[in-house]
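Structural characterization, general
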Amino acid sequence: MSKKFFLKKTYAEALRGLPEREMKASVLTDMWSKAGDILLIEHAVCKVPGQQDSRRVTSMSNSKTSHYVEYTRKSGRVSCDCYMYKLYKICQHAVAGAEDIGVLNLFITWRNRNKNNFTLTAAVNSTLPSTAGKKPTDKSTWKRHKTSNATATVTTVDGIVLDQSAESNYIFRFLRNTRIMVCYGCGKKFRQNIMEVPEEPQDIVIARKEFRQYVNEAGLLKMSFKKEFVHYHTKKRCVLHKDPSFEPQSIVISTDIRSLLQESHKTLIKHELGISL
C-alpha cells in the first residue's frame, strides 16, 4: 500500500470532524503518519486466530510488544488497549488495524459521531493517578500573587513577574538556576548536566506550559496530570515539531526578560525566529 495514498484517503475526513479543542491537528497528523509506517512493515498487523474482527498491531515504540485492536460491527467502533486510545478514542494502532480489516471509513464515522463524548481532561482524570507526572522533589516555580480581593493577577517565573495571561503563551527562560535538560521538540540535550550553563546565546530557551507527553519505563505513552513547563531550543523548527501552528511573534517577552538579553541573544532570536528586539 502506498503510504501517501493511505494518508490522503481518510486523513482529511478525520480532521474535518475533529474540533481543535478536543485534539490538536498535530496529534492526529502524527497518528496517521505512524499508522502509515506500521502498515508498511511486514507482519506489523496480524490477524488473531479465530477472531475475524481483531488484530495484533506492533508497537512502534517497542517492537517486542503489540496492542490488541478490535472492531465492533454493530457500532463501527475500533478499540485499542493502548494509553493514547484511552485519551482520544483513536490511535495509530486502531487506525492501522481498521485499515487492515477494511473498516477505516466506518471507524472514522463512528469516532466523529461520538467525538463529544470524549475530552482530554476527562480522559486524563480517569486514567491517571493524582500523582502522575509529578517528581518527588519537584517544587513549582510558578507563584501567584493575590490582590486584596483574592484574585490572582500576576505570575512569577524564575523571579520575573509576568501577567497571568502569559501562562498559556510561549516565553523565554534562561537555563541558569534550572534543571532544564532536554528540548521537547527535537529531543536533544541543551547541556550535559544541570551544573553546566551554556555560553551566550545558547543559555536561553523557549518555554510554555503544556500537558507533557512522555514514555514511561514500560514503553507506554503517558501524559502529565497537569500542565507543566516544556522547553525548546530557540529555533522555530524545534517548536514546530510539537506545534505546527507556532508563530514566533506569539512569544511573550516581558520587560524584565528584555533587559537581560545581550546582543548575542538578540542576534540569535533575529536569525532563528525573525524577531527584532
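Residues numbered from 1 in each chain as written. Predicted model: local features only at pLDDT ≥ 70, side-chain atom pairs only at ≥ 80, totals over all residues. Heavy atoms only, no water.

**Some thoughts on the sheet that holds strand E4 (residues 77-80)**
Spatial ordering of the open sheet is given by E1-E2-E3-E4, a layout of 4 strands whose pairing is antiparallel. If you trace the sheet from one side to the other, it starts and ends with strand E1 (45-48) and E4, each paired once. Looking at each pair of strands side by side, their axes are set apart by 30° on average, direction ignored. Where strand E2 (residues 51-58) meets strand E3 (residues 66-72), 5 bridges bridge the pair, whose relative direction is antiparallel. Of the residues in E3, the one forming a bridge with serine 54 is glutamate 70. (Pairing = 2+ DSSP bridges. Helix = DSSP H or I, 4+ residues; strand = E, 2+ residues; numbered from the N terminus. Axes fitted to C-alpha atoms, helices over the stretch in contact; angles between N-to-C directions.)

**A word on the side chain of histidine 233**
Here histidine 233 lies in the loop between strand E12 (228-232) and helix H7 (236-240). Judged by relative accessible area, which is 17%, histidine 233 ranks as buried. If we ignore the near neighbours within four places in the chain, the residues touching histidine 233 are Cys183, Cys186, Lys188, Lys189, Phe190, Ile206 and Cys238. (Buried < 20%, exposed > 50% of the residue type's maximum accessible area, 1.4 Å probe, protein only. Contact = heavy atoms within 4.5 Å.)

**Focus: the pattern of salt bridges**
Here the idea is simple: oppositely charged side chains can pair when their charged atoms come close. The full count for this structure, using the stated rule, is 6 salt bridges. Among the salt bridges present, the one from aspartate 30 reaches lysine 34, with a minimum N-O distance of 3.1 Å. Note that aspartate 30 and lysine 34 are positioned in helix H2 (residues 25-40) at a spacing of 4 residues, about one turn of the helix. A relative accessible area of 37% means that aspartate 30 is categorised as partly exposed. (Salt bridge = Lys/Arg side-chain N within 4 Å of Asp/Glu carboxyl O.)

**A short note on the pairing of strand E8 (residues 171-174)**
A two-sided burial pattern is seen for E8, the buried positions comprising Ile171 and Arg173 on one face and Phe172 and Phe174 on the other. For E8 and strand E9 (residues 204-210), the ladder comprises 4 bridges, and the chain directions are antiparallel. If you follow phenylalanine 174 over to E9, its bridge partner there is isoleucine 204.

**Quick notes on the nonpolar core**
Side chains that are nonpolar tend, in soluble globular proteins, to be buried together. Val78, Tyr85, Tyr88, Ile90 and Phe107 are the most contacted members of the largest nonpolar core, which has 32 residues in total. Those elements that provide at least two residues to this core are H2, E3, E4, helix H3 (83-88), helix H4 (92-101) and helix H5 (104-113). Among the elements that make up this core, the one with the highest residue count is H2 (6 residues). Formed by 23 residues, the second largest nonpolar core is a distinct cluster that contains Cys183, Val230, Ile269 and Ile275. (Core = buried A, V, L, I, M, F, W, Y, C linked by side-chain atoms within 4.5 Å.)

**Some words on the pairing of E12**
Burial of E12 is extensive: 5 of the 5 residues sit out of reach of the surface. Note: E9 against E12, 5 bridges, orientation antiparallel. Residue alanine 207 lies in a different strand from E12, and its bridge partner there is histidine 231.

**Digging into unusual backbone geometry**
Cis peptide bonds are those with omega within 30 degrees of zero, and the linkage from glutamate 200 to proline 201 qualifies with 5°. On the secondary structure map, proline 201 appears in the loop between E8 and E9. Residues other than glycine seldom take positive phi values, yet histidine 43 does so here, at roughly 70°.

**A few points about the UniProt feature "domain: SWIM-type" (unreviewed entry) in the chain**
Per the UniProt annotation, the sites labelled "domain: SWIM-type" (unreviewed entry) are residues 67-102. Structurally, residues 67-102 is divided into 44% helix and 28% strand, and its ends, taken at the C-alpha atoms, are 18 Å apart. (UniProt positions renumbered as here; feature names shortened; annotations may be inferred.)

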